[in-house]
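Analysis of the macromolecular model
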Amino acid sequence: MAILEKINSPKDLNGLSMEKLRELAAEIRAEMVTTVARTGGHLASSLGAVELAIALHYVFCAPEDKIVWDIGHQAYAHKLLTGRRKQFATLRQPGGLSGFLKPAESPYDCFGAGHAATSISAALGLARAYAHRGQPVKVVAVIGDGAMSAGMAFEALNNAGQINQDIMIVLNDNKMSISPSVGALSSFLSRKLTGPFFIGLKKEILSLFSSIPGVGEDMVKIARRAEDALKAFFTPGMLFESLGFQYIGPIDGHRLEFLIPTLANAKTITGPVLIHALTRKGKGYPPAEQNPVRFHSPAPFDVKTGREIGNPSARSYTDVFAETLIQLAEEDERIVAITAAMLNGTGLDKFAKRFPGRSFDVGIAEQHAVTFAAGLASQGLRPVVAIYSTFLQRGYDQTLHDVCLQKLPVVFALDRSGIVGQDGPTHQGLFDLSYLRSMPNMVVMAPKDENELRHMLKTSLELEGPAAIRYPRGKGTGVKLDPILTSLPVGKAEILMEGEDLTILALGATVTSALQAGANLEKKRIYATVVNCRFAKPLDADLILSLAERPARIITVEENVLAGGFGSSVLELLSQKGVFPDGIKLLGIPDEFVEQGPQQMLRAKYKLDAAGIEQVALDLLNRPAQQKCLQRKKNV
């Protein structure tokens, strides 16, 4: 990789011929495929944005100029061009490069991003801040990969056009958002209409027309309509022009000979400008081009075949959820399914094939998804909203105001709850218990395994109010699935192991580790009661109080932040009832963001695995006060 090895900063692009830049693009793609095949990551989107990254860094002077990338899915080439080539093999690994944008990682990452559609708002803020200080800094936002389906993007576009801020938006259209046809004529028009000669000529003509007494104003309107009509015929420019942007495009986003002069021309335009570039997701790697959805975020795979390494057929929580929902929908025609641009990720692609008229992918629009579901529920349907835990945060107010306040029977299926691993702090699903538990009328549950998930889904669809089921990323425990679905008693836990020395109250995916910890303690002649609490809200108050009233040491275990989480709910219950156990320890995530790393490694770090729970139990029992309690118990 002779050329890429010499690129240590964007300045090293200077002087490279067009032929060398094309060779560099091919080398970058090969490096990305090789690395992601080993580490996993967001591949198809970044493969489609290679030429965009090269052209942007060729034309602009980052980090002095600011390039704000949306999400980070598109930014692997950006990382390779900005001094991180030698560290690229550590992508998404503990202590390595983030899979997303991270200002602490590089001055070229001028704004952090892990959720979609933030780039235009952030870029507008940056541009306005530099203008406020009188600094002549160019600010570019690169948005795409479906992010233009989010309302936030259009809110930012509207605001940018309204204040006429000097900002450039590059729309990377890879058929995940807007994808009009493009041909030689539209590319030719885009290049010519943005050239300095045309821009200057247009200003002179409009100025001349304006100076003609009586008819000048009408002639200006006619001229502008003629230009708009030309753009509207070949492009979707009218939409963006109506928002106050100078629209350029569409252009071929893989043709550097088009991209570079277009960006250079647009750089001289004052005010808001939008460049519409058409790209191909997965470009340069045939398996990703043929199946861009699967290669959006693949697990490690074989480069030659594109096949996933390991056992892709093992059943995951996502698969079991999808199959169970189909089973229930066969019996109840009121059930409909909604997701926000995650049809495949949530498993609802299977549901959509079986019930195409009862499945809705609303795009990256979580707020709309929740209120849309509320509207459906208000008319007697039973909507199931399947959204990753980290993304439902974007629909917080709608969940509270439009669903819970009206006590509408909307079911939230929260995939990727808890520790998710290599995606890092932007995607860890560690806050849902806290923000959902605080909402009146909401029932919150978490299954100990994939079989219990099935019964919880049936239970939630029978409630007359909102319910949320949180379940983890990845494979299930491998338990046998019950053929017949049954409803669980709401707010009732189950005791899985009985002992008199301490109680472990576990929720969701932590139950398996708690049981293993209980078994390990038993070998040391320490006997624990292990409870599968099932419900974070409502709690099984009677059971918990009965366990706390005896000489008790209690450990609560959850994959959620401790602030306002499941353990907090247990403390609240005990405080309200005036019951004070001999000792209590809450296990969960402290007041910090969880960085990237394998799930098991992170669980061990926060003592959420069997060994960690066992050690906490031993520490709790070995405290002097606890020794007295144990001695008193033996004397009795």
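For the structure itself, consult the block above.
So, here is what we can say about the structure in this document. (Residues numbered from 1 in each chain as written. Predicted model: local features only at pLDDT ≥ 70, side-chain atom pairs only at ≥ 80, totals over all residues. Heavy atoms only, no water.)

What follows covers the sheet that holds strand S8 (residues 382–388). Pairing within the open sheet is mixed, and its seven strands lie in the order S7-S6-S8-S9-S11-S10-S15. In this open sheet, the two edge strands, each paired with only one partner strand, are strand S7 (359–361) and strand S15 (535–537). The mean inter-strand angle of the sheet, taken between neighbouring strand axes irrespective of direction, is 20°. Pairing analysis gives two bridges linking strand S10 (residues 443–445) to S15, with the strands arranged antiparallel. Bridging across to S15, Met445 finds its partner in Phe535. Lying on the sheet, helix H13 (residues 317–331) is in contact with strand S6 (335–339), S8 and strand S9 (411–415); it crosses S6 at an angle near 150°. (Pairing = 2+ DSSP bridges. Helix = DSSP H or I, 4+ residues; strand = E, 2+ residues; numbered from the N terminus. Axes fitted to C-alpha atoms, helices over the stretch in contact; angles between N-to-C directions. Contact = heavy atoms within 4.5 Å.)

On to the packing of aromatic side chains. The geometry of an aromatic ring pair is captured by the separation of the ring centres together with the interplanar angle, meaning the angle of the planes. Scanning all chains against the criterion turns up 12 aromatic pairs. For the ring pair Phe240 and Tyr247, a centre distance of 5.9 Å and an interplane angle of 0° mean the geometry is stacked. For Phe240, a relative accessible area of 0% gives the class buried. Taking relative accessible area as the criterion, Tyr247 reaches 3% and is therefore assigned buried. Taken together, a centroid distance of 5.3 Å and an interplanar angle of 90° make the contact between Phe360 and Phe372 edge-to-face. One end of the pair, Phe360, is in strand S7; the other, Phe372, is in helix H15 (residues 366–378), and 12 residues separate them in sequence. Taking the relative accessible area as the measure of exposure, Phe360 reaches 27% and is therefore partly exposed. The ring of Phe258 has Arg255 lying over it, and the distance from NZ or CZ to the ring centre is 4.5 Å. The cationic tip of Arg358 hangs over the ring face of Phe355; the distance from NZ or CZ to the ring centre is 4.3 Å. (Phe/Tyr/Trp six-rings, centres within 6.5 Å; stacked < 30°, edge-to-face > 60°. Buried < 20%, exposed > 50% of the residue type's maximum accessible area, 1.4 Å probe, protein only. Lys NZ or Arg CZ within 6 Å of the ring centre and 35° of its normal.)

Next up on the list: the sheet that holds strand S12 (residues 494–497). Neighbouring strands of a sheet are bound in pairs by backbone hydrogen bonds; such pairs are parallel or else antiparallel. Pairing in this open sheet of five strands is mixed, and the strands run S12-S14-S13-S16-S17 from one edge to the other. The sheet terminates laterally at S12 and strand S17 (583–589), the two strands that pair on one side only. Direction aside, neighbouring strands of the sheet carry axes that sit 25° apart on average. Here strand S16 (residues 553–561) pairs with S17 via six bridges, running parallel. Bridged to Val557 within S17 is Leu587.

Here the focus is the environment of Ile54. Counting through the fold element by element, Ile54 comes out in helix H3 (residues 50–59). Sequence-wise, Ile54 and Ala25 are 29 residues apart; in three dimensions their C-alpha atoms are separated by 7.6 Å. Once residues within four sequence positions are removed from consideration, Ile54 is found in contact with Leu13, Leu21, Leu24, Ala25, Ile28, Leu81 and Leu256.

Axis separation between H13 and helix H19 (residues 450–461) bottoms out at 9 Å; the angle between their running directions is 40°. On the basis of their axis angle, the class for H13 and H19 is oblique. Viewed along their axes, H13 and H19 form a crossing whose handedness is right-handed. Within the contact between the two elements, H13 uses Tyr317, Val320, Phe321, Thr324, Leu325, Gln327 and Leu328 and H19 uses Glu450, Leu453, Arg454, Leu457, Lys458 and Leu461. Looking at side-chain class alone, the contact of H13 with H19 contains eight nonpolar, two polar and three charged residues. (Parallel < 35°, antiparallel > 145°, perpendicular 65-115°, else oblique. Left-handed = near helix turned anticlockwise from the far one by under 90°. Nonpolar A, V, L, I, M, F, W, Y, C, P; charged D, E, K, R; others polar.)

With that out of the way, let us pick up the side chain of Glu51. With respect to the helices and strands, the residue Glu51 is situated in helix H3. The class for Glu51 is buried, based on a relative accessible area of 6%. A distance of 2.8 Å separates a polar atom in the side chain of Glu51 from a polar atom in the side chain of Arg29. Look past the residues within four positions of Glu51 in its chain and what remains in contact with it is Ala25, Arg29, Gly253, His254, Leu256 and Leu259. (Polar contact = N/O pair within 3.5 Å; in protein donor to acceptor, adjacent residues only side chain to side chain.)

So, on to the pattern of salt bridges. Tallied over the full model, the rule gives 30 salt bridges. Across the pair Asp432 and Arg470 runs a salt bridge, and its minimum N-O distance is 2.6 Å. Taken together, the positions of Asp432 in helix H18 (residues 432–437) and Arg470 in strand S11 (residues 467–470) put the pair 38 residues apart, joining distant regions of the chain. Looking at Asp432, the relative accessible area reads 1%, which means it is buried. (Salt bridge = Lys/Arg side-chain N within 4 Å of Asp/Glu carboxyl O.)

What follows is about the pairing of S11. Residue alternation in S11 divides its side chains into two sets, Ala467 and Ile469 and Ala468 and Arg470, and both sets are buried. Pairing geometry for S9 and S11, over four bridges, is parallel. Paired with Val411 across the bridge in S11 is Ala467. As paired strands, S10 and S11 are joined by three bridges and run parallel to one another. By the bridge assignment for S11, Val444 is matched with Ala468. Read as a crossover between parallel neighbours, the route from S10 over H19 to S11 is right-handed. (Right-handed = clockwise from strand over helix to strand, strands pointing away.)

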